[in-house]
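# Analysis of the macromolecular model
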Amino acid sequence: MLVLPLAAMDLVFALSLVAWRRRKRLTRREAVGALCTAGGVAAFLAVLPPSAGIVAPDLRDWLPLLALATVCVCVLVPVGLRRPGRTRTALYAAAAGVLFALLDSLTRSVAGLLRDDGIGVLAHWEPYGLLLVGGTGMLLAQSSFQAGPLTVSLPIIDTLEPIGGVLMGALVFQERLATSGALAVQGLGALTAVAGIIVLDRSP
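Residues numbered from 1 in each chain as written. Predicted model: local features only at pLDDT ≥ 70, side-chain atom pairs only at ≥ 80, totals over all residues. Heavy atoms only, no water.

## Topic: the packing of aromatic side chains
Counted by the stated rule, this structure contains two aromatic pairs. When the ring of W62 is compared with that of F173, the centres are 5.7 Å apart and the planes differ by 90°; the resulting orientation is edge-to-face. Placement of the pair is W62 in helix α4 (residues 59-81) and F173 in the loop between α7 (150-171) and α8 (180-201), with a sequence separation of 111 residues. (Phe/Tyr/Trp six-rings, centres within 6.5 Å; stacked < 30°, edge-to-face > 60°. Helix = DSSP H or I, 4+ residues; strand = E, 2+ residues; numbered from the N terminus.)

Set out below in structure tokens:
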């Protein structure tokens, strides 16, 4: 819940560096998008309660999540194959975003197992799941980039990955979101950041 919202900031830095390299000024729309992304992430994290969570969840904790991700991919990809243009791009991107969120969660689990068990991590299923999910996610992301414009695929991937990662942190790793009024601040911050990401992803 701490790392993935910060990952959404890559667009703010990337767009600024591209503008600097091309010696162009950010437009007012792009500046507003950057402010919304940064401000939304800051608001989300400012009220995030400290929570260590668990390092390596049991397989039974993973099963509902793995089943849901599998169903999403098995539905979105075949439908995307039968649809042209922007619809195919969006469906492939949605499947990639779901898998990237799962990939981030598996990465955390593998890192924890590696720290605790060393080479013994190879006796667990998570490293092999990491390779499978990562490879499939990259394939779907590249397919979405080739199927249509980045203005369709990037906003979907860049929003689904952090949102999915936060939800997986709560459901699998037992991390905590804010409560009561602070939860409303987190929700508003998340919506503001998503709006900013969409604006930045549509920048030429």
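## What to know about the nonpolar core
W62, L102 and L140 are the most contacted members of the largest nonpolar core, which has 26 residues in total. Taken together, the elements giving at least two residues each to this core come down to α4, α5 (85-117), α6 (126-147) and α7. With 13 residues, α5 is the single largest residue contributor to this core. Those residues in contact with L102 that lie beyond four places of it in its chain are W62, L65, L66, A69, V133 and M168. Listed in part, the 15 residues of the second largest apolar core include L15, F44, L45 and L48. (Core = buried A, V, L, I, M, F, W, Y, C linked by side-chain atoms within 4.5 Å. Buried < 20%, exposed > 50% of the residue type's maximum accessible area, 1.4 Å probe, protein only. Contact = heavy atoms within 4.5 Å.)

## Quick word on the layout of surface pockets
By volume, the largest pocket amounts to about 440 Å³. If you go around the largest pocket, you meet 18 residues; those closest to its centre are L15, V18, E30, S203 and P204. Those elements that provide at least two residues to the lining of the largest pocket are α2 (10-21), α7 and α8. A per-element tally of the lining of the largest pocket places α2 first, with five residues. (1 Å grid on protein atoms, 1.4 Å probe; cavity = no way out; pocket = protein on both sides within 12 Å on 5 of 7 lines; lining within 4 Å. Points joined across faces, edges and corners; volume = space filled by probe spheres on them.)

## Remarks on α5
With 33 residues, α5 should reach 48 Å at 1.5 Å per residue; the first-to-last C-alpha distance of 47 Å fits that figure. Looking one or two residues past α5, G118 carries a phi angle of roughly 60°, positive in sign. (Expected span 1.5 Å × (residues − 1).)

## As for the packing of α4 against α5
Running from amino to carboxyl end, α4 crosses α5 at an angle of 160°, the nearest separation of the two axes being 8 Å. Looking at the two axes, α4 sits roughly antiparallel to α5. The two elements α4 and α5 cross, and the hand of that crossing is left-handed. In contact with W62, L65, L66, A69, C72, V73, L76, V77, V79, G80 and L81 of α4, α5 contributes R88, L91, Y92, A94, A95, V98, L99, L102, S105, L106 and S109. Among the residues making up the contact of α4 with α5, the classes are represented as 18 nonpolar, three polar and one charged. (Axes fitted to C-alpha atoms, helices over the stretch in contact; angles between N-to-C directions. Parallel < 35°, antiparallel > 145°, perpendicular 65-115°, else oblique. Left-handed = near helix turned anticlockwise from the far one by under 90°. Nonpolar A, V, L, I, M, F, W, Y, C, P; charged D, E, K, R; others polar.)

## Re unusual backbone geometry
Not every positive phi belongs to a glycine, and R23 is a case in point at roughly 55°. Tracing the backbone through its elements, the reader meets R23 in the loop between α2 and α3 (28-46). Within the chain, Q174 stands out as a residue other than glycine whose phi angle is a positive 60°. Relative to the helices and strands, Q174 is located in the loop between α7 and α8.

## Things to note about the pattern of salt bridges
Following the criterion strictly, the structure yields three salt bridges and no others. Two residues, R60 and D58, come together in a salt bridge whose shortest N-O distance is 3.2 Å. (Salt bridge = Lys/Arg side-chain N within 4 Å of Asp/Glu carboxyl O.)

## Digging into the environment of S144
Topologically, S144 is positioned in helix α6. You can call S144 buried: its relative accessible area is 0%. The sequence separation of S144 and W20 amounts to 124 residues, and the corresponding C-alpha distance is 28 Å. Other than its neighbours up to four places away in sequence, S144 contacts T89, Y92, A93, S153 and I157.

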